[in-house]
Amino acid sequence: MDASETVAAGLKKLREPFPANQISKLCKPTKRDNPKGKCSVCGGWHALPSVALDYVGHAALTDRLLDADPLWNWEPVATNPDGSPVVDKDGGMWIRLTVCGVTRLGYGDSDGKVGPSATKERIGDALRNAAMRFGAALDLWHKGDLHKEVPADDDTREGDKTAAAVAEILDAPDLATLQPIFAEHYRTAKQSGNKAMEKAVTSAYNQQKAKFAEAV
Ligand SMILES: [Zn+2]
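Residues numbered from 1 in each chain as written. Predicted model: local features only at pLDDT ≥ 70, side-chain atom pairs only at ≥ 80, totals over all residues.

## As for the environment of N129
- Relative to the elements of secondary structure, N129 occurs in helix 3 (residues 116-132).
- Sequence separation of N129 and I95 is 34 residues, and the distance between their C-alpha atoms is 9.5 Å.
- Once residues lying within four places of it in the same chain are set aside, the contact partners of N129 are G106, Y107 and G108. (Helix = DSSP H or I, 4+ residues; strand = E, 2+ residues; numbered from the N terminus. Contact = placed C-beta atoms within 7 Å.)

## Focus on unusual backbone geometry
- In the segment running from L48 into P49, the intervening peptide bond is cis, with an omega of 0°.
- Looking at where P49 falls in the secondary structure, it is placed in the loop between strand 3 (45-47) and strand 4 (50-56).
- Positive phi is not limited to glycine here, since C100 has a value of about 55°.
- What makes C100 buried here is the crowd of 20 C-beta atoms within 10 Å.
- Even without being a glycine, A137 presents a positive backbone phi close to 55°.
- Its place among the elements puts A137 in the loop between helix 3 and helix 4 (138-143). (Buried ≥ 20, exposed ≤ 12 C-beta atoms within 10 Å, placed from the backbone.)

## Section: the packing of helix 6 (residues 175-191) against helix 7 (residues 195-215)
- At their nearest, the axes of helix 6 and helix 7 sit 9 Å apart, and the two run at 170° to each other. Compared by their axis directions, helix 6 and helix 7 come out roughly antiparallel. Of the residues in helix 7, those touching helix 6 at L175, L178, F182, H185, Y186, A189 and K190 are M197, E198, V201, T202, Y205, Q208, K209 and F212.
- Class assignment for the residues of the contact of helix 6 with helix 7 results in nine nonpolar, three polar and three charged. (Axes fitted to C-alpha atoms, helices over the stretch in contact; angles between N-to-C directions. Parallel < 35°, antiparallel > 145°, perpendicular 65-115°, else oblique. Nonpolar A, V, L, I, M, F, W, Y, C, P; charged D, E, K, R; others polar.)

## A look at the sheet that holds strand 7 (residues 102-109)
- Taken in spatial order, the three strands make up an open sheet running 5-6-7, and their pairing is antiparallel. Each having just a single partner strand, strand 5 (73-76) and strand 7 make up the two edges of the open sheet. Sheet twist, expressed as the average angle between the axes of neighbouring strands with direction ignored, equals 30°.
- Across eight bridges, the pairing between strand 6 (residues 92-99) and strand 7 is antiparallel. Its bridge partner lying in strand 7, W94 is registered against Y107.
- Against the sheet, helix 3 contacts strand 5, strand 6 and strand 7, and its axis sits at roughly 135° relative to strand 7. (Pairing = 2+ DSSP bridges.)

## Overview of the domain arrangement of the protein chain
- Assigned domains of the protein chain: these are domain 1 (8-141) and domain 2 (154-215).
- Averaged C-alpha coordinates put domain 1 and domain 2 at centres separated by 22 Å.
- Split into classes, the residues belonging to the side of domain 1 that touches domain 2 amount to five nonpolar, no polar and one charged. (Domains from an automatic or database assignment.)

## Digging into the confidence of the model for the protein chain
- Here the protein chain averages 86 in pLDDT, while 92% of its residues score no lower than 70.
- Mean pLDDT across the elements of the protein chain bottoms out in helix 4 (72) and peaks in strand 5 (98).
- Scored below 50 in pLDDT, residues 149-153 makes 10 contacts in the model with residues more than four places away or belonging to other chains. (pLDDT = per-residue confidence, 0-100.)

## Examining helix 7
- In this model helix 7 runs 30 Å from its N-terminal to its C-terminal C-alpha over 21 residues, within 8% of the 30 Å that 1.5 Å per residue would give.
- Buried within helix 7 are the following residues: M197, A200, V201, A204, Y205 and Q208. Down the axis of helix 7, the smallest arc covering the buried residues is 130°, so these residues share one side. Along helix 7, exposed side chains directed more than 90 degrees from the buried face belong to K195, A210, A213 and E214. (Expected span 1.5 Å × (residues − 1). Arc of directions from axis to C-beta.)

## Concerning the nonpolar core
- Counting residues in hydrophobic clusters, the biggest one holds 39 residues, and the most contacted among them are V99, A131, V166, I169 and V201.
- Of all the secondary structure elements, the ones that give two or more residues to this core are strand 4, helix 2 (58-68), strand 6, strand 7, helix 3, helix 5 (153-171), helix 6 and helix 7.
- When residues of this core are assigned to domains, at least three map to each of domain 1 (8-141) and domain 2 (154-215).
- If sequence neighbours within four positions are ignored, V99 has contacts with G10, L11, L14, L65, A68, D69, W72 and F134. (Core = buried A, V, L, I, M, F, W, Y, C linked by C-beta atoms within 7 Å.)

## Things to note about the environment of K161
- With respect to the helices and strands, K161 occurs in helix 5.
- Put simply, K161 and S50 are 111 residues apart on the chain and 28 Å apart in space, counted from C-alpha to C-alpha.

Okay, structure coming up:
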């Protein structure tokens with residue numbers, strides 16, 4: 001196998017469907033303030049009605065990343081002066097995931113958790129999100145985003161559009177390139193009334209601008 005074949009095989013490995021025993025169920029209430037009751041899906045006591053979403057846990061995903069590329073790696077897009085990853089005002093973090101030499105962006109939050117477990121949740125969530133950009137467990141994401149209260153295909157498409165816009169902003173090599181790119185995506189978000197995209201592109205813009213300011 002030459003180098004490009006190895007890369008292709010590794011990336012293909014990421015896209016292989018996960019076996020049933022590596023897929024976990026997560027119950028998400030349709031509304032946050034639903035009354036609690038006994039759930040027939042997981043047997044737990046939580047707000048009902050809820051939808052049971054399939055997801056791949058941290059261990060299974062890590063296993064798959066190692067299978068695809070033993071040298072896989074991730075890094076936060078931005079770090080604080082003390083070396084810790086920058087967490088935005090929504091509690092989220094952008095990462096770069098590199099597999100077989102290919103790097104893609106991902107975003108994760110702590111799903112309302114606080115304290116040390118919030119950081120672990122945020123990392124796992126960002127890795128799932130970035131790995132999804134490589135096609136890992138894409139079939140599961142298609143059915144419903146773990147962080148949406150009710151899964152919807154439209155949201156997934158909007159999410160992809162936002163991720164592409166953010167990626168473009170974070171890839172801008174200098175301030176002169178950055179500004180028109182940001183202006184265009186911001187206008188698109190405003191015009192379509194997409195608040196989530198508006199917030200995401202603004203946060204990415206501020207982050208990138210800060211990076212250029214640092215470099216001067
Ligand atoms: Zn349940």
